[in-house]
Amino acid sequence: IGYHPMDGTPTANLSHTFMGGTIFEIKVNGKPVSESIFNAAVVGSMGVPVILVAGDQNITSEAVDTFGPIETVQTKESIGWYSTKTRHPKLICQEIKEKAKTAVERIAEMKPFTFEPPLKMEITFKNIYDAETWGYLPWVKRTSGKTILVESDKMVELNQFIAALYGINRRR
């Protein structure tokens, strides 16, 4: 609930990919992923399906295209980085409650979203410094000036790498 579209999405309000000031793009097995898709793959690897996504028109459309006929709530219409047409919060909350109830009732229809191992996660940073620094680690390959590659057979390990990256970058 409350996901934003990935960085670079046209007409997206506050688009970002995990750390908006640090990461430009993440790809898993060659597919650009939003936080929604990445997190769905993490829980999907544990057999848990996504049943509801809430956010603007970009993220709800991406969710249906990626996960199939799940429940969605469009909370706003993004017009640009700083502009949206937003619905009243009470209406949004009511719709989320209704759609969550329906999603739980339909859970047997939902399928976990996964990526097929081996997993290759490419992270493209907004600056060269981050790629260089993370590229010093022996299990990280620097593939271009701003991009690194991390490989694993487990989605949860890619998630742990993102968590470490986030934790260390927060301290700057």
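Predicted model, so just to flag it, every value in this text is computed and none were measured.

Undergrad: For this particular structure, what's the right way to read the overall build of the protein chain?
TA: Within the protein chain, the secondary structure is distributed over 5 helices and 8 strands. Overall, the protein chain shows an N-to-C arrangement of helices and strands of β-β-α-β-α-β-β-α-β-α-β-β-α. In terms of overall dimensions, the protein chain is globule-like: its C-alpha atoms have a radius of gyration of 17 Å, near the 16 Å expected for 172 residues. Expressed as lengths along the three principal axes of its C-alpha atoms, the size of the protein chain is roughly 50 × 35 × 25 Å. Counting across all 172 residues of the protein chain, residues that qualify as buried make up 44%. Carbon and sulfur atoms make up 57% of the accessible area of the protein chain, which amounts to about 9,400 Å² in all. Taken as two groups, the 20 positive and 19 negative side-chain charges of the protein chain have centres that lie 5 Å from each other.

Undergrad: Explain the pattern of salt bridges to me, please; I cannot follow it from the model alone.
TA: Pairing between side chains becomes possible if they bear opposite charge and their charged atoms approach one another. Here the structure, examined in full by the defined rule, presents 7 salt bridges. In this structure, Lys99 engages Glu95 in a salt bridge whose closest nitrogen and oxygen atoms are separated by 3.7 Å. Placement of the pair is Lys99 and Glu95 together in helix α3 (residues 89–105), with a separation of 4 residues, close to one helical turn. A salt bridge links Arg106 to Glu109; its shortest N-O distance comes to 3.0 Å. One salt-bridge network, held together by shared partners, links Glu71, Arg106 and Glu109.

Undergrad: Help me out: how do you make sense of the packing of aromatic side chains in this one?
TA: Each aromatic ring pair is specified by the distance between its two centres and by the angle formed by the two planes. Tallying each qualifying case throughout the model produces 3 aromatic pairs. In textbook terms, an aromatic cluster arises when at least three aromatic residues are bridged by ring pairs, as seen for Phe67, Phe113 and Phe115.

Undergrad: Honestly, a nonpolar patch on the surface in this entry has me stumped. Any pointers?
TA: Together, Val43, Met46, Val48 and Val156 give the surface a local cluster of nonpolar side chains, amounting to about 300 Å² of exposed area. Structurally, Met46 is set in the loop between α1 (35–44) and β3 (52–56).

Undergrad: What should I look at first to understand the pairing of strand β1 (residues 23–28) in this one?
TA: Within a regular beta strand, the side chains point alternately toward one face of the sheet and then the other, so they alternate between its two faces. Alignment of β1 against strand β6 (residues 119–125), held across 5 bridges, turns out to be antiparallel. Within β6, the position partnered with Lys27 by the bridge is Glu122. Here β1 runs beside strand β2 (residues 31–32); their pairing, made up of 2 bridges, is antiparallel. What sits directly across from Val28, in β2, is Lys31. Counted along the chain from β1 to the antiparallel partner β2, the turn is 2 residues long, and its residue Asn29 has a positive phi close to 50°.

So, how was this worked out
Residues numbered from 1 in each chain as written. Predicted model: local features only at pLDDT ≥ 70, side-chain atom pairs only at ≥ 80, totals over all residues. Heavy atoms only, no water. Helix = DSSP H or I, 4+ residues; strand = E, 2+ residues; numbered from the N terminus. Rg over C-alpha atoms; globule rule 2.2 N^0.38 Å. Buried < 20%, exposed > 50% of the residue type's maximum accessible area, 1.4 Å probe, protein only. Areas by Shrake-Rupley, 256 points an atom, 1.4 Å probe, with all protein chains shown as cover. Lys, Arg positive; Asp, Glu negative; His and termini not counted. Charge placed at Lys NZ, Arg CZ, Asp CG, Glu CD. Salt bridge = Lys/Arg side-chain N within 4 Å of Asp/Glu carboxyl O. Phe/Tyr/Trp six-rings, centres within 6.5 Å; stacked < 30°, edge-to-face > 60°. Patch = residues over 30% accessible without salt bridge, like charges linked within 9 Å, V, L, I, M, F, W, Y side chains within 5 Å. Pairing = 2+ DSSP bridges.

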